[in-house]
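Working through the structure, step by step
Chain residues, written in single-letter form:
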Amino acid sequence: MLLAAQEPILIDCDPGRFTDDNAAIAMLVRSGKFKIAGITVVAGNVWANEGLRNARATLNMMDVEDVPVHLGAQQPLRHTAEMAQKEKPLEFAGAFDLRRPRAEKETAVDFLIETLEKQPMTVLAIGPLTNIAQALQKKPSIAGRIKQLVIMGGAVRVPGNSNKTAEFNFWFDPEAARQVLESAIPRKVLVGLDVCNQVAYGKDVFDAIVTGKAPFRHIFREQFGYGFPGFLKDPKAKAYLWDELVAAYLIDPSVFTKSEELALSVDETFGERYGAVRIQPSGAITTVLLQVDAQRALNMYRDLLK
Ligand code: RIB
Ligand code: CA
């Protein structure tokens, strides 16, 4: 049987031990539809060196050996832990709440540039956009080599989850988010909280995964059971699909039923709106996903992870 050629993709992420980033990577690997040309890691949920270890561990659990993983930006373009401490107490400040590691050599930006210069392809950005912004700064021409950039980030017409107006990935590095949304990348697709908020799930989905056969089911149980959202501490806990919806979009875009073309920017003013999405009267266009068939998305998530 002629196997359909696997589409090459790049994944830029900020994986914890097993968070939504890892689940999204697992969905893409287990879908069998993609050849992951490489994974680049950025500071976000955790500092980038920890994220690098977590990304490698997730691939190893699935016996995936031929995917290069590169260390990316260990700091956002401007935002710092000191600045974050001046903001209103945040529920989740990601790496800013963690002890900062010693600096290491970053190879992700050069890897992104080299890979895209060899072959144009789709890029998934499921963490803060620092690596993507730095690659565009270093080699603006790679904008035309990104076939489409599918971004988990932003909150266009719904409240933020890191402050009242900003979603975490955009809040962690607002300057990078603005540069990427205003860039010349020909097709940008935004999987923001506007659709993520439509896909909540409870312990029944968690149970289906942890009682399945996936090689990562034990760490999934530990992280989603006792970490966030803590299904084994509170059986009524609720989780949302975030990065996993970017994977779902790649696997089957028809799961998303409505979108809107908008010129977007991001607020860089330090303060309450730092990282908020701004709709512009004109400018670079982003396809904002507005509606999703939540049951189809959840079925795909559960069936690919159990
Ligand atoms: O707001 C959700 C985003 O922040 C996800 O990418 C999650 O992994 C965190 O990085
Ligand atoms: Ca993420």
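Heads up: these notes are all about the structure in this document. (Residues numbered from 1 in each chain as written. Chains lettered and ligands numbered in written order. Predicted model: local features only at pLDDT ≥ 70, side-chain atom pairs only at ≥ 80, totals over all residues. Heavy atoms only, no water.)

Bringing the overall build of the chain into the picture now. Helix and strand content of the chain: 12 helices and 11 strands. On C-alpha atoms alone, the chain measures out to a radius of gyration of 18 Å, which is about the 19 Å that the 2.2 N^0.38 rule sets for 306 residues. For the chain, the proportion of its 306 residues judged to be buried stands at 57%. Of the contacts made within the chain by residues no fewer than 6 positions apart, 80% connect residues no fewer than 24 positions apart. For the chain, the accessible surface area stands at approximately 13000 Å², while carbon and sulfur atoms represent 52% of it. Charged side chains in the chain number 36 positive and 37 negative. The centres of these two groups are separated by 2 Å. (Helix = DSSP H or I, 4+ residues; strand = E, 2+ residues; numbered from the N terminus. Rg over C-alpha atoms; globule rule 2.2 N^0.38 Å. Buried < 20%, exposed > 50% of the residue type's maximum accessible area, 1.4 Å probe, protein only. Contact = heavy atoms within 4.5 Å. Areas by Shrake-Rupley, 256 points an atom, 1.4 Å probe, with all protein chains shown as cover. Lys, Arg positive; Asp, Glu negative; His and termini not counted. Charge placed at Lys NZ, Arg CZ, Asp CG, Glu CD.)

Right, let's talk about the packing of aromatic side chains for a bit. Taken as a whole and judged by the stated rule, the model has 17 aromatic pairs. Relative to F220, the ring of F18 has its centre 6.0 Å away and its plane inclined at 70°; by these criteria the two rings are edge-to-face. Of this pair, F18 sits in the loop between β1 (7-13) and α1 (20-31) while F220 sits in helix α10 (residues 217-226), and the two are 202 residues apart along the sequence. Of the residues examined, F18 reaches a relative accessible area of 1% and is grouped as buried. A relative accessible area of 0% means that F220 is categorised as buried. (Phe/Tyr/Trp six-rings, centres within 6.5 Å; stacked < 30°, edge-to-face > 60°.)

Take α1 next. For α1, which comprises 12 residues, the first-to-last C-alpha distance of 16 Å matches the rise-based estimate of 16 Å (1.5 Å per residue) to within 8%. Here α1 lies mainly inside the structure; 9 of its 12 residues are buried. Of all the residues in α1, the buried ones are D20, D21, N22, A23, A24, I25, A26, M27 and L28. Following α1 by one or two positions, G32 adopts a phi angle in the positive range, close to 75°. (Expected span 1.5 Å × (residues − 1).)

Turning our eyes to something else, we now look at the coordination of the calcium ion (ligand 2). At 2.2 to 2.6 Å from the calcium ion (ligand 2) lie its protein donor atoms, namely D14 (OD), D21 (OD), D21 (OD), I126 (O) and D243 (OD). Look at where the donors of the calcium ion (ligand 2) fall in the sequence and you get D-x6-D-x104-I-x116-D. Residue D21 is located in helix α1, and its partner D243 is located in helix α11 (residues 243-251); the two are separated by 222 residues in the primary sequence. (Donors = N, O, S within 2.8 Å, 3.2 Å for Na, K, Ca; no water.)

Turning next to the nonpolar core. Ranked by size, the top nonpolar core spans 65 residues in total, and within it I39, L245 and Y301 carry the most contacts. Among the elements that line this core, the one with the most residues is α11, at 7 residues. Among all residues touching I39, those that are not within four sequence positions of it are I11, C13, I25, A55, L59, V67, P68, V69 and H70. Core analysis: the next-biggest nonpolar cluster, separate from the first, contains 33 residues, I113, L116, L190 and L264 among them. (Core = buried A, V, L, I, M, F, W, Y, C linked by side-chain atoms within 4.5 Å.)

Ligand 1 sits among D14, D20, D21, N45, I126, M152, N161, E167, F168, N169, W242 and D243. Residue D20 places a side-chain N or O atom 2.7 Å away from an oxygen atom belonging to ligand 1. In the model, an oxygen atom of ligand 1 is placed 3.0 Å from a nitrogen or oxygen of the N161 side chain. Coverage of ligand 1 by the protein amounts to 97% of the 280 Å² it exposes when considered alone. Residue composition of the shell around ligand 1, by class: 4 nonpolar, 3 polar and 5 charged. (Near = heavy atom within 4 Å. Polar contact = N/O pair within 3.5 Å; in protein donor to acceptor, adjacent residues only side chain to side chain. Nonpolar A, V, L, I, M, F, W, Y, C, P; charged D, E, K, R; others polar.)

Our next topic: the pattern of salt bridges. Tallied over the full model, the rule gives 14 salt bridges. Residue R178 is joined to E268 by a salt bridge in which the shortest nitrogen-to-oxygen separation is 2.4 Å. Taken together, the residues span a long stretch of sequence, with R178 in helix α7 (residues 174-181) and E268 in the loop between β9 (256-266) and β10 (277-279) at a distance of 90 residues. A relative accessible area of 24% places R178 in the partly exposed class. R296 is the salt-bridge partner of D252, the closest N and O atoms lying 2.7 Å from each other. With D252 in the loop between α11 and β9 and R296 in helix α12 (residues 294-305), this pair connects stretches of sequence that are 44 residues apart. Classification of D252 by relative accessible area gives partly exposed; the value is 24%. The exposure class assigned to R296 is partly exposed, which follows from its relative accessible area of 35%. The network of salt bridges with common partners includes R178, E182 and E268. (Salt bridge = Lys/Arg side-chain N within 4 Å of Asp/Glu carboxyl O.)

Here the focus is the environment of V41. Along the polypeptide, V41 turns up in strand β2 (residues 34-41). Taking relative accessible area as the criterion, V41 reaches 0% and is therefore assigned buried. With 13 residues separating them in the primary sequence, V41 and N54 have C-alpha atoms 9.6 Å apart.

Bringing the environment of Y226 into the picture now. By secondary structure assignment, the location of Y226 is in helix α10. The sequence separation of Y226 and L289 amounts to 63 residues, and the corresponding C-alpha distance is 31 Å. Those residues in contact with Y226 that lie beyond four places of it in its chain are R221, L232 and K233.

In short, shape yes, function no, at least from these values alone.
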